[in-house]
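Topology and contacts: notes
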Amino acid sequence: MSDGDRFGYVRGWHSKLRELGWWHSFELPDGSVVEGVCDLPGLKHRLAQFPIPQDLTGKRVLDVGAWDGFFSFEMEKRGAEVVAVDCWDNERFRLMRSMLNSRVEYRIHDMYELTPATVGTFDIVVFFGVLYHLKHPLLALERVCALTTDLACVDTFVSEDDSPIPRMEFYEHAELGGQTDNW
C-alpha cells in the first residue's frame, strides 16, 4: 500500500479542521455540542483506554499538548486541578475555557522545557497525540515520567498497515498525509 493510500485519512483531517475550526468536540453546559474533527464518542473512548478514575478530587493533572482542550476540561469536570500545556497559544483553548467557565491553568511551553522545577509534579500526566510530532520522543517520554507521581497516559498516532512488528517511522517532510510537523 502506498503512503498516499495509507495516509489519505490524515489529509481529510486538514480539510475537516478548516471546515469545523475545532480539533476536539465539546458538550457545553446548555447541552449543545461544538463539533470538531474528533467526535465526542471517539474522545471518550480514547480516554477510557486508561485507568483514570471518574473522581479526581484532590488530584493534579497535566495535559501536555492540550490543543483546544477536551482532555483538560474533562479532567477538571472529574474534580482535578489541571494545568494544560501546549507549544503555542491556541485561541480556541482560551475560547472554550471561557465558554465552560473553566479554571484550567493554561501555559505555553516547549515539551522539552517541562521538568518538575518548571511545572511541578502531577498525579496524572495526559500525553495524547504529541509523541509523533517530536524530534526526540524518548527524551519526551523521560520528561513525562519525571513529572508523574502516579500515572502517565501516553497515546500516539499509529499508521494502519499490515506489519506485525511495532516500529517508529521517520517522516522528514510531508510524507504523513501532508503534515509537516511530524518526525
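Scope of this entry: the structure provided in the associated data block. Source: prediction; values computed, not measured. Note on numbering: residues in each chain are counted from 1, in written sequence order. Given that the model is predicted, a residue must reach a pLDDT of at least 70 before its local features are reported, and side-chain atom pairs must reach 80 or more before they are shown or counted; all residues, however, enter totals for whole chains, interfaces and linings. Each side-chain value is derived from all of the structure's non-hydrogen atoms; neither hydrogens nor water enter the calculation.

1. Here we look at the nonpolar core
Heads up, the rule is: To define a nonpolar core, start from buried Ala, Val, Leu, Ile, Met, Phe, Trp, Tyr and Cys residues and group those joined through side-chain atoms within 4.5 Å. Think of it in three bands: residues with accessible area under 20% of the maximum for their type are buried, residues over 50% are exposed, and the middle band is partly exposed, with areas taken using a 1.4 Å probe on protein chains only. Every helix listed is a DSSP run of H or I at least four residues long, and every strand listed is a run of E at least two residues long, numbered separately from the N terminus. Whether two residues are in contact is decided by their heavy atoms, any of which lying within 4.5 Å being enough.
I52, V61, M75, M96 and I124 are the most contacted members of the largest nonpolar core, which has 32 residues in total. Elements supplying a minimum of two residues to this core: α3 (40–48), α4 (70–77), β4 (81–86), α5 (91–99), β6 (122–128) and β7 (148–155). Element by element, the count of residues in this core is highest for α4, at four residues. Each residue touching V61, except ones within four places of it in the same chain, is listed here: L56, M75, A80, E81, V82, V83, F122, I124 and V126. With 16 residues, the next largest nonpolar core counts L62, V125, L134 and L147 among its residues.

2. Digging into the packing of α3 against α4
Quick note on the threshold: Whenever a helix is involved, its axis is fitted only over the stretch in contact; in every case the axis is a line through C-alpha atoms, and angles between N-to-C directions fall within 0 to 180 degrees. Geometric relationships in this document are graded by angle, where less than 35 degrees denotes roughly parallel, more than 145 denotes roughly antiparallel, 65 to 115 denotes roughly perpendicular, and other angles denote oblique. Less than a right angle of anticlockwise turn of the near helix away from the far helix marks a crossing as left-handed, whereas a clockwise turn marks it as right-handed. Each residue gets one label: Ala, Val, Leu, Ile, Met, Phe, Trp, Tyr, Cys and Pro are nonpolar, Asp, Glu, Lys and Arg are charged, and the others, such as Gly, are polar.
The geometry of α3 relative to α4 is characterised by a closest axis approach of 11 Å and an angle of 65 degrees between their N-to-C directions. By the criterion of interaxial angle, the relationship of α3 to α4 is roughly perpendicular. Here α3 and α4 pass one another in a crossing that is right-handed. Facing α3, whose interface residues are L40, L43, K44, R46 and L47, α4 presents F70, F71, E74 and M75. Classifying every residue of the contact of α3 with α4 gives six nonpolar, no polar and three charged.

3. What about the environment of W67?
Tracing the backbone through its elements, the reader meets W67 in the loop between β3 (60–64) and α4. Placed 20 residues apart in sequence, W67 and C87 show a C-alpha to C-alpha distance of 9.1 Å. Residues within four places of W67 in sequence aside, it is in contact with L17, W23, H24, D86, W88, N90, F93 and Y106.

4. Observations concerning the pattern of salt bridges
What counts, and what does not: One side-chain nitrogen of Lys or Arg within 4 Å of one carboxyl oxygen of Asp or Glu is enough to make a salt bridge.
Inspection of every chain in the model, using the stated rule, returns six salt bridges. R46 is paired through a salt bridge with D155; the nearest N and O atoms lie 2.6 Å apart. In this pair, R46 sits in helix α3 while D155 sits in strand β7, placing the two residues 109 residues apart along the sequence. Accessibility expressed as a relative area gives 16% for D155, which makes it buried. Put simply, D89 and R94 hold a salt bridge, and the shortest N to O gap is 2.6 Å. Judged by relative accessible area, which is 33%, R94 ranks as partly exposed. In this structure, a network of salt bridges that share partners links the residues E74, K77 and R78.

5. Observations concerning empty space enclosed by the protein
Keep this limit in mind: A pocket, in this scheme, is an open set of points on a 1 Å grid over the protein atoms alone with protein on both sides within 12 Å along at least 5 of 7 lines, while a cavity is a set where a 1.4 Å probe fits but cannot get out; residues line either one if an atom lies within 4 Å of a point. Grid points are joined across faces, edges and corners, and a volume is the space filled by probe spheres set on the points.
For the coordinates displayed, the defined rule picks out one cavity of 30 Å³ or more. Quantified by volume, the largest cavity comes out at close to 40 Å³. Contributing to the lining of the largest cavity are F26, E27, F70, F73, E74, K77 and L100. For the lining of the largest cavity, the secondary structure elements donating two or more residues are β1 (26–27) and α4. No other element matches α4, which puts four residues into the lining of the largest cavity.

6. Let's talk about the pairing of β4
Our working rule: In this description, strands pair whenever DSSP reports at least two bridges between them.
The buried fraction of β4 amounts to five of the six residues, a majority that puts the element mostly inside the structure. Sheet topology note: the β3/β4 ladder contains five bridges and is parallel. When the sheet's bridge partners are listed, V64 is paired in β4 with V85. The pairing of β4 with strand β5 (residues 105–108) spans four bridges and is parallel.

Any link to function would need more than the numbers given here.
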